[in-house]
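This is what each chain is made of:
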Protein chains: 2
Amino acid sequence: MATIQDIATRLNISKSTVSKALNGAPDVSETLRKTVLETAVELGYSRGTRRNEAKRLCLFIEHMNPSEPTDFGHDIVIGFRKLAEPAGFKVETVRLNKQIQQDNRYDEYMLQNNYAGAFFLGLSLSDLWLRELQTSRTPAVLLDNYVKGNPNTCYVGVDNNEGMDLAVGYLRSLGHRRIGYLSGGLGSFVNQSRYSAFFRALKRNGCPDERSLAGSDYLFSECLQTHLPRLLKQKVTAIICSHDLLAHTVMMHCLELGLRLPEDLSIIGFDDLPLCAYTIPPMTTIRQDRTQLGKSAFHALYSLLTGVPISTLLLHASLARRQSTGPAPAP
Amino acid sequence: MATIQDIATRLNISKSTVSKALNGAPDVSETLRKTVLETAVELGYSRGTRRNEAKRLCLFIEHMNPSEPTDFGHDIVIGFRKLAEPAGFKVETVRLNKQIQQDNRYDEYMLQNNYAGAFFLGLSLSDLWLRELQTSRTPAVLLDNYVKGNPNTCYVGVDNNEGMDLAVGYLRSLGHRRIGYLSGGLGSFVNQSRYSAFFRALKRNGCPDERSLAGSDYLFSECLQTHLPRLLKQKVTAIICSHDLLAHTVMMHCLELGLRLPEDLSIIGFDDLPLCAYTIPPMTTIRQDRTQLGKSAFHALYSLLTGVPISTLLLHASLARRQSTGPAPAP
């Protein structure tokens, strides 16, 4: 690991100038500051090497709103903070957007803002920084995203294979055989992962597994207008959805179409958001323990910060059984 | 979680008799002791519910000899103990064999011996207890074995996909295209996992990926006499092996055949055992950090004991580049 002295030597300036530049002191020119930052990144300097300093962690949030208790990210952020803060870390939240990613290189951003590590929630495959994370040096934990080959990153999430297997196995035990799948857009790692997990689960449970039994789209409306009718025409008796909000929309739409839930069609969501207990009927869903996900994310980040190269940390899924599922209708 | 009182009530005996039976006191008959144990397991009682008692953990070892510093398991056990003992756990080692598994149910064995949790090293798919672990109640962490659907078990290992990708990617950068694979018997989860990972890595790196490029057998001799000649006939310029000891045997055999390593053939192992630095030539191998694996196994077991349902914990692989690999020979 490079030190401030290494940067000073390389640029032939004093250590205190380097230090001032890294801390954004006003008496260092913007050009010099940028040169120092770039050199620091190039040499592999990171805040982790500076002692006696409160360590700062950054929570990058995209596509969610964790300040709302009903939001998917809410309990994850709480779980993360619950471990991070007593351990002496300062946790700051940054709403990530395209602009930040266009204007900054990830490693430079982290260094400039004195962050020792990052926890990313909601990153999608099209995010610019996801490419940088393949070679980045600042420890980062990604919820539901896997970066292969960079020892400074870790993927944290739920065991999607297990979750889909629980859902399909449960439907089988209720007599269902033709099971359909509706998914959000496949431009995200988690949707891709659940999509393949669904087909693996069909196979393992001896169900028909034609690709036509699944449909995916970024837009809910497309799922409802194109894919749902297609699945119903194929006589599916149950539908699993890639996440609860999609499942809820599908449930409401099916009720509008005059279908009885679960007598005519069983529906299963994924995530177990707080709303699932309050839908009509209450929704059966694949549960992930979001508080524990947040705590595990901190454990993973702390591991990366202390040199334990965790690559993947998955939590067990479970099935929350409610009333949106029932015995398969007689043929 | 059931208590001693629950067991006593069910059997209509006193709490102290239950307690004596669980602790193997001599004044309790063998028949009663067995009845108490079976009832305890049936009701879901576990040692984890007893307070103010030094917690005991069991290391089950099979197919390895961790007391030898050169053995694969050595550093894993040390890593595990390094965290477990300061945390107040007593760690005992039991050599697992068929007899123990035939004579005892896993949960009963754990209860009877007052173990709060287990760490399994070297379990293979044919082990009797592996089936019991699908529904067991006593927390267990398995090195290189995955049990789906039981929240009381966790799989710990190295990221085999990443490892194979690093190895194949490195060989590609050296100009190799036809790459072969030799594996130990596919009756173990880790060998199955590396086998599929190898073919995924070939595909991702744009290499030919016919199934005939791989061979596996429980016996080294079969790999050498049947599969190796078959691979060489197919003009592979490099061979990856499922583990270092197999790779070393292959290296020695190739030298006997008059092949020059790495001029005629590059060879890569898996694990980075201490011997790899001392083979002729020193062996390039996919490295797993065994001390950190042991530490991570303790973290996972501790998580299960405290209600954090970790399913999978993988460490990053890295590549130890030595002299058994070199540029592909001119065609």
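Structural data are supplied above this passage.
Rules used throughout
- Residues numbered from 1 in each chain as written.
- Chains lettered and ligands numbered in written order.
- Predicted model: local features only at pLDDT ≥ 70, side-chain atom pairs only at ≥ 80, totals over all residues.
- Heavy atoms only, no water.
- Disulfide = S-S within 2.5 Å.
- Buried < 20%, exposed > 50% of the residue type's maximum accessible area, 1.4 Å probe, protein only.
- Helix = DSSP H or I, 4+ residues; strand = E, 2+ residues; numbered from the N terminus.
- Contact = heavy atoms within 4.5 Å.
- Buried area = accessible area lost by both parts, 1.4 Å probe.
- Salt bridge = Lys/Arg side-chain N within 4 Å of Asp/Glu carboxyl O.
- Polar contact = N/O pair within 3.5 Å; in protein donor to acceptor, adjacent residues only side chain to side chain.

Asker: Explain the state of the cysteines residue by residue, including any values.
Answerer: Within this structure, the stated rule accounts for zero disulfides over all chains. Of the cysteine sulfurs around A:Cys154, a residue in no disulfide, the closest is that of B:Cys154, at 12 Å. Of the residues examined, A:Cys154 reaches a relative accessible area of 1% and is grouped as buried. Free cysteine B:Cys207: the closest other cysteine sulfur is in B:Cys241, separated by 16 Å. For B:Cys207, a relative accessible area of 7% corresponds to the buried category.

Asker: Could you give me a rundown of helix H4 (residues 74-84) of chain A, with the residues and numbers involved?
Answerer: Regarding H4(A), the residues found buried are A:His74, A:Ile76, A:Val77, A:Gly79, A:Phe80 and A:Ala84. Elements in contact with the buried residues of H4(A): strand S1 (55-61), strand S2 (89-95), strand S3 (117-121), strand S4 (140-143) and helix H12 (290-305) of chain A.

Asker: How would you explain the interface of chain B and chain A if you had to name every residue and give the values?
Answerer: With 25 residues of chain B at the contact, the number on the chain A side is 24 residues. When chain B packs against chain A, close to 2000 Å² is buried across both sides, 58% of that on carbon and sulfur atoms. Summed over the three residues of chain B that lose the most area to chain A, namely B:Lys148, B:Pro309 and B:His316, the buried surface amounts to 29% of that side. The closest approach of N and O atoms between A:Asp165 and B:Lys148, which form a salt bridge, is 3.3 Å. Between chain B and chain A we count 21 residue pairs in polar contact (both at pLDDT 80 or more) in total. Counting residues per element, the ones that place at least two in the side of chain B that touches chain A are helix H8 (160-173), helix H12 (290-305) and strand S11 (310-315) of chain B. Of the residues forming the side of chain B that touches chain A, the biggest block, six residues, is contributed by S11(B).

These figures come from the coordinates and say nothing about function on their own.
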